[in-house]
Amino acid sequence: MSLSKPKVLIIIANLGTPDAPTAPAVRAFLKQFLSDQRVIEIPKILWAIILNAFVLPFRPKRVAEAYAQVWSNDSPMREILFAQVESLQKKLISTNADLDLEIVPAMTYGRPGIDAVLNDAKNKQYDHIILFPLFPQYSATSTAPLYDAVAQWLLKQRNIPGLSFIRDYYQHPLYIQALANSVRDYQQQYGQAAKLLMSFHGIPQPYADKGDPYAERCRITALKVAQALDLKDDQWAISFQSRFGKQEWVKPYTDQLLQEWAAQGVESVQVLSPAFSADCLETLEELAIQNAELFLKAGGQHYAYIPALNSRADHIDLFEQLLQTQLNTLKFHLQV
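J.: If you had to explain the overall build of the protein to someone new, which residues and values would you point to?
T.: In terms of helices and strands, the protein carries 12 helices and 8 strands. Residues classed as buried in the protein amount to 53% of the 336 residues present. Within the protein, residue pairs in contact and separated by at least 24 positions form 80% of the contacts whose partners lie at least 6 positions apart. Of the side-chain charges in the protein, 31 are positive and 34 negative, and the distance between the mean point of each set is 6 Å.

Following this line, the structure appears as structure tokens:
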């Protein structure tokens, strides 16, 4: 009698993206995304009125136009996620032959949806599921919705598999090394700017005040990258982008800081966005295009965006190590 291998599912998850760079597709995506109370903490009834009366009728057209500027055959985020999963499949499945291992992509919002991935997992009866959100710095606005999806799925299951989560990796040595390498590689080709700005996606200040650790994790990441690059204090800074609504968000704000630098005579800036494991609308359009225009219009001379880590070999090596650590622990407990 031969024993079957333990069945293990690894879910590699990112935030999400519309199905197309069109107003209807963007509207459907924004409705799902902005209806999540992890993202918008305004009282549900009040926010439903604002969302349906003021946001969804007008914002999708503008956002769709922005997506059209960065769209190729598919959304950049989805293309990169699929490439990352393919690379991890090649590395992990062949080196873990003692497991029946499957690695799949998922999105919190949009497709491939986390709910569909989990429902498919029920039919395949996995012994263990590892959820890996590709958010380097944990936040209740990004990582937690994936935990919520798993929790809701578990309520409906009778045969519950083992579960593991990779919460974040904001100061992992391989992550810091990969970010520093990406800056060095870029500067070797294009030269070094007067300032390196590490711009992270923002969250409302009240979220941080209530205990969300995201902003502090971002500051630690930025400091470690600056140290790895041996930068002096006046050669780099941290900022936060993508404000929405009128409340105060975590500061300093990326757009304001860039304009202040230009007014002060800073001629050249290179911008890195360590919060993103894949380039997307927010990096390719907001950071690379919108903020470049702001800086140059305010008097700056040279502006450049350094791409996210995406499918770089050192980025995939980081993911492999994080996941292999989980798999080794799992094998120990299963005595594989």
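J.: Account for the packing of helix H7 (residues 173-190) against helix H12 (residues 313-334), with residues named and values stated.
T.: At their nearest, the axes of H7 and H12 sit 9 Å apart, and the two run at 175 degrees to each other. Accordingly, the angle class assigned to the pair H7 and H12 is roughly antiparallel. Of the residues in H12, those touching H7 at Leu-174, Tyr-175, Ala-178 and Asn-181 are Asp-314, His-315, Asp-317, Leu-318 and Gln-321. Residue composition of the contact of H7 with H12, grouped by class: 4 nonpolar, 3 polar and 2 charged.

J.: Explain helix H2 (residues 44-55) to me, and be specific about the residues and the numbers.
T.: If you check which residues of H2 are buried, you get Trp-47, Leu-51 and Val-55. When H2 is viewed along its axis, its buried side chains cluster within an angular range of 40 degrees and face the same direction. Relative to its buried face, H2 has exposed residues pointing more than 90 degrees away, namely Ile-45 and Ile-49. Buried-residue contacts for H2 involve helix H1 (23-34) and helix H3 (59-70).

J.: I'd like a description of the environment of Ile-40, backed by residues and values.
T.: Of note, Ile-40 is situated in the loop between H1 and H2. A residue is classified by how much of its surface remains accessible, and Ile-40, at 11% relative accessible area, is buried. Placed 164 residues apart in sequence, Ile-40 and Pro-204 show a C-alpha to C-alpha distance of 9.5 Å.

J.: Tell me about the sheet that holds strand E3 (residues 128-133), residues and numbers included.
T.: What the 4 strands build is an open sheet, ordered E2-E1-E3-E4; its pairing is parallel. What marks the edges here is a single partner per strand, and that holds for strand E2 (100-110) and strand E4 (162-165). Direction aside, the axes of adjacent strands within the sheet are offset by 20 degrees on average. Both strand E1 (residues 7-17) and E2 contribute to a ladder of 10 bridges, which runs parallel. Bridge pairing links Asn-14 to Met-107 in E2. The strands touched by H1 are E1 and E2; relative to E2, the strand with the most contacts, the crossing angle is about 95 degrees.

J.: Quick rundown of H7? Include the residues and the values.
T.: An ideal rise of 1.5 Å per residue puts 26 Å on 18 residues; H7 measures up with 26 Å between its terminal C-alpha atoms. In this structure, the buried residues of H7 make contact with strand E5 (195-201), helix H9 (214-228), strand E7 (268-272), strand E8 (302-306) and H12. Gly-191 occupies a position one or two residues after H7 and carries a positive phi of about 90 degrees.

J.: So what about the packing of aromatic side chains? Which residues, and what values?
T.: Counted according to the given criterion, the structure contains 12 aromatic pairs. Their ring planes at 65 degrees and their centres at 5.9 Å tell us that Phe-132 and Tyr-169 sit as a pair that is edge-to-face. Placement of Phe-132 in strand E3 and of Tyr-169 in the loop between E4 and H7 is noted, with a sequence separation of 37 residues between them. Taken together, the aromatic side chains of Phe-132, Tyr-169, Tyr-175 and Phe-319 make up a single cluster linked through ring pairs. The ring of Tyr-126 is capped by Lys-7, whose NZ or CZ atom sits 5.4 Å from the centre of that ring. A cation sits over an aromatic face here: Arg-243 above Tyr-253, 3.9 Å from the ring centre.

J.: Describe in detail the nonpolar core, supporting the description with residues and values.
T.: Ranked by internal contacts, the top residues of the largest apolar core, which has 55 residues, are Ile-10, Ile-12, Phe-132, Leu-196, Met-198, Phe-200 and Leu-323. The residues touching Leu-323, leaving out its near neighbours within four places in the chain, are Ile-10, Ile-12, Leu-88, Leu-92, Ile-130, Phe-132 and Ile-166. Core analysis: the second largest hydrophobic core is formed by 19 residues, Leu-34, Trp-47, Val-55 and Tyr-109 among them.

J.: Give a description of the packing of H1 against H3 that names residues and reports values.
T.: Running from N to C, H1 and H3 point in directions that differ by 110 degrees, and their axes come no closer than 8 Å. By the criterion of interaxial angle, the relationship of H1 to H3 is roughly perpendicular. By crossing handedness, the relation of H1 to H3 is classed as right-handed. Facing H1, whose interface residues are Ala-23, Val-26, Arg-27, Phe-29 and Leu-30, H3 presents Arg-59, Pro-60, Lys-61, Val-63, Ala-64 and Tyr-67. For the contact of H1 with H3, the residue count by class is 8 nonpolar, no polar and 3 charged.

Cut-offs applied
- Residues numbered from 1 in each chain as written.
- Predicted model: local features only at pLDDT ≥ 70, side-chain atom pairs only at ≥ 80, totals over all residues.
- Heavy atoms only, no water.
- Helix = DSSP H or I, 4+ residues; strand = E, 2+ residues; numbered from the N terminus.
- Buried < 20%, exposed > 50% of the residue type's maximum accessible area, 1.4 Å probe, protein only.
- Contact = heavy atoms within 4.5 Å.
- Lys, Arg positive; Asp, Glu negative; His and termini not counted.
- Charge placed at Lys NZ, Arg CZ, Asp CG, Glu CD.
- Axes fitted to C-alpha atoms, helices over the stretch in contact; angles between N-to-C directions.
- Parallel < 35°, antiparallel > 145°, perpendicular 65-115°, else oblique.
- Nonpolar A, V, L, I, M, F, W, Y, C, P; charged D, E, K, R; others polar.
- Arc of directions from axis to C-beta.
- Pairing = 2+ DSSP bridges.
- Expected span 1.5 Å × (residues − 1).
- Phe/Tyr/Trp six-rings, centres within 6.5 Å; stacked < 30°, edge-to-face > 60°.
- Lys NZ or Arg CZ within 6 Å of the ring centre and 35° of its normal.
- Core = buried A, V, L, I, M, F, W, Y, C linked by side-chain atoms within 4.5 Å.
- Left-handed = near helix turned anticlockwise from the far one by under 90°.

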